[in-house]
Amino acid sequence: MNEMNNAHNTVREVLLRKNDIMKTSVGIDYQKYEYGAIAFDYERLMAEAGYSLEEIKAIQKDHGVGNTPLKELRNVTKLARKYSKPGYGARIFIKDEALNDSGSFKARRASVACYHAKKLGFKGVIAATSGNYGAAVASQAAKHGLKCIIVQECYDSKGIGQPEIIEKARACEAYGAEVIQLTVGPELFYVFLKLLEETRYFNASLYTPFGISGVETLGSELIENSISLIGKEPDCVVVTNAGGGNLTGTARGIKKTTDQKVEIVGASVNLKGLHMASDTDFNRKSFTTGHTGFGIPFMTNPDRSDVPRSAARPLRYIDKYVTVNQGEVFFMTEALVVLEGIERGPAGNVSLVAAFHLAQSMKEDQTIIVQETEYTGAGKHHQAQLSFARQNGIHVFFGDPKTEIPGKTIVLPNHPGLIECETLDLKKIKGSCIRNLAKDAILKAEDLSFLAEEVSETVAFVKEICEQCHISMEE
Amino acid sequence: MISKGTWVQIRKIVLEPNERASNVPEDTAKVPLLMWVKGRLLEDGELNAIVSVKTMTGRIEEGFLVDSSPSFRHDYGDLVPENLEIAFMVKRLVFGERNE
């Protein structure tokens, strides 16, 4: 029954055809933007292959996307102020992205990808995603009459599916997509490439310029909404970070809309110790996205995605990167429901936990924005995920969330004062990124400038890292 | 027997354990890469037999017939009483309620 007997279709042979498959299925010749030993012109790629902010706003307006409300979380703010010094405790706002068609901010990314696929004359679209992006692509494809295939990593080898991913499969099928469900493993990419070759559909990757520029409207709206609600820009925006596209697009949109400095904070759920390609670890985690298992590798090695050059470059924009624990996110998800009357999915609330803690060290007249929510339902609900964790032998209890061990325990905070995000060493992450991008190359002066832009640091910083790691540089 | 034209789910082995990528962890390397897909049954077939289906996008796929008229049964799980405790705790802190 396996296809290895089929000539030309072994994993190795399909991967050898990767670049050609990608060029046809994305319609971008990435080589055109490359220069130096390792550099590429990121801004030119975004400008030539993407759409302007105004064009995207118009596309999204026509397709049920964007203009979501910014809501003040008055009771959550009141709770945070109980743990702040007098005069401290910033106002917390949330951008209710669950109200986009298909229920998440991912509709912004899918709207541009599907519009572009239709414009280029493709018959259908394919996306490799176990997350909300699948439903987003399926929903947008439905609007354009495009066929749609979503490839998911969904089950462990015993056939037990992650409830959150099963719900996403249901949503994709509801919007008319074909859903390919796989067991755990990076060879999903091989299946994905074969499907692109077979169908000749458009690769609606999350990491093309279309996928990223679609999020710029979110950053732009945050500024506009904030000015109209409170008369000024927010001081800080917290973004749940996985592949880096949400952060990149949001920050770019903010920069295009205001000259005022807005602090950009990335937040991920700490899943340290769990291997993302492990069959047995798969159902021992309660978050299938927004976690460090994606956040850190995609930050330190952005081009590991499904296109040759990812348009998600979070280190160009991030000011601070924090992690939170699974128990804290479930706690805040419940708090959001009962204090604000807003029932949303847990994965979208990762940044809410970070904002709850960060607000406590900001002044009362400052504002912090949680830039997304996601829909909730059977499977992708904190009740469903905690129940599933217990069934898989994870101990769920009240205590100090700092003692949580991913894959073994979920520690719900004994009281909200124990909710604290941990700040990661961003310089160290930037150093890893430079090492990954520069390894095996002999760097020219233009590569050093490129790397400095990539990690938003000086050329001197890049040189220092290269010297420490014995990376060759031309004199 | 399941009739031709029925909406079914099939499962196929994409890669045997010895054909998997070299970089997968040990536990994953021991098991095959499996795939599930749904479609319309092209000929009458039996459960667990090898059949062909036409998928939603019109592709033909072959695999073991594992489910006829497949449906979604995922839910909200068993009650997690800790959620009630969280609800009481944060409402008491914000609104001063003592109704637990």
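Rules used throughout
- Residues numbered from 1 in each chain as written.
- Chains lettered and ligands numbered in written order.
- Predicted model: local features only at pLDDT ≥ 70, side-chain atom pairs only at ≥ 80, totals over all residues.
- Heavy atoms only, no water.
- Helix = DSSP H or I, 4+ residues; strand = E, 2+ residues; numbered from the N terminus.
- Rg over C-alpha atoms; globule rule 2.2 N^0.38 Å.
- Buried < 20%, exposed > 50% of the residue type's maximum accessible area, 1.4 Å probe, protein only.
- Areas by Shrake-Rupley, 256 points an atom, 1.4 Å probe, with all protein chains shown as cover.
- Lys, Arg positive; Asp, Glu negative; His and termini not counted.
- Charge placed at Lys NZ, Arg CZ, Asp CG, Glu CD.
- Phe/Tyr/Trp six-rings, centres within 6.5 Å; stacked < 30°, edge-to-face > 60°.
- Lys NZ or Arg CZ within 6 Å of the ring centre and 35° of its normal.
- Pairing = 2+ DSSP bridges.
- Contact = heavy atoms within 4.5 Å.
- Axes fitted to C-alpha atoms, helices over the stretch in contact; angles between N-to-C directions.
- Core = buried A, V, L, I, M, F, W, Y, C linked by side-chain atoms within 4.5 Å.
- Disulfide = S-S within 2.5 Å.

Caption draft 1: Spatial organisation of the overall build of chain A. Tallying secondary structure elements over chain A gives 18 helices and 17 strands in all. In terms of overall dimensions, chain A is globule-like: its C-alpha atoms have a radius of gyration of 22 Å, near the 23 Å expected for 475 residues. The principal-axis extent of the C-alpha atoms belonging to chain A is close to 65 × 55 × 45 Å. For chain A, the proportion of its 475 residues judged to be buried stands at 65%. Roughly 16700 Å² of accessible area belongs to chain A as shown, and the carbon and sulfur atoms make up 48% of that amount. Of the charged side chains in chain A, 55 are positive and 59 negative, and the gap between their average positions amounts to 2 Å.

Caption draft 2: Highlighting the packing of aromatic side chains. Tallied over the full model, the rule gives 11 aromatic pairs over all chains. Geometrically, the ring pair formed by A:Tyr155 and B:Trp36 is tilted, given 4.5 Å between the ring centres and 50° between the ring planes. Of this pair, A:Tyr155 sits in strand E6 (residues 147-155) while B:Trp36 is found in strand E2 (residues 33-41), placing the two residues in two different chains. For B:Trp36, a relative accessible area of 9% puts it in the buried group. Site record: aromatic cluster; members linked through ring pairs are A:Tyr51, A:Tyr115, A:Phe122, A:Phe202 and A:Phe210. Taking the ring centre of A:Tyr88 as reference, the NZ or CZ of A:Lys85 above it sits at 4.6 Å. Over the face of the ring belonging to A:Phe298 we find A:Arg304, whose NZ or CZ atom lies 5.3 Å from the ring centre.

Caption draft 3: Main features of the sheet that holds strand E11 (residues 320-324) of chain A. Residue and element names in this part refer to chain A. Across the sheet, which stays open at both edges, the 7 strands sit in the order E3-E4-E12-E9-E10-E11-E15 with mixed pairing between neighbours. One side of each edge strand has no neighbouring strand; the edge strands of this open sheet are strand E3 (70-72) and strand E15 (422-423). Examined bridge by bridge, strand E4 (residues 91-95) and strand E12 (residues 367-370) share 4 bridges and lie parallel to one another. When the bridges of E12 are listed, Ile94 appears paired with Val370. Each of E3, strand E10 (263-269) and E11 touches helix H13 (residues 326-340); the most contacted strand, E11, lies at about 85° to it.

Caption draft 4: Representation of the nonpolar core within the structure. Residue and element names in this part refer to chain A. Of all hydrophobic cores here, the largest spans 112 residues; its most connected members are Val125, Tyr133, Val137, Val151, Ile180, Leu443 and Leu451. If sequence neighbours within four positions are ignored, Leu451 has contacts with Ile38, Ile434, Leu437, Ala438, Leu443 and Val462. Core analysis: the second largest hydrophobic core is formed by 51 residues, Cys236, Phe287, Leu339 and Leu386 among them.

Caption draft 5: Seen up close, the state of the cysteines. All names here are of chain A. By the definition in use, this model includes 0 disulfides over all chains. Of all cysteine sulfurs in the structure, the one in Cys172 sits closest to Cys154, which takes part in no disulfide; the separation is 10 Å. On the basis of relative accessibility, which here comes to 0%, the residue Cys154 falls in the buried class. Left without a disulfide partner, Cys466 is nearest to the cysteine sulfur of Cys469, which lies 7.1 Å away.

Purely geometric numbers; function is a separate question.
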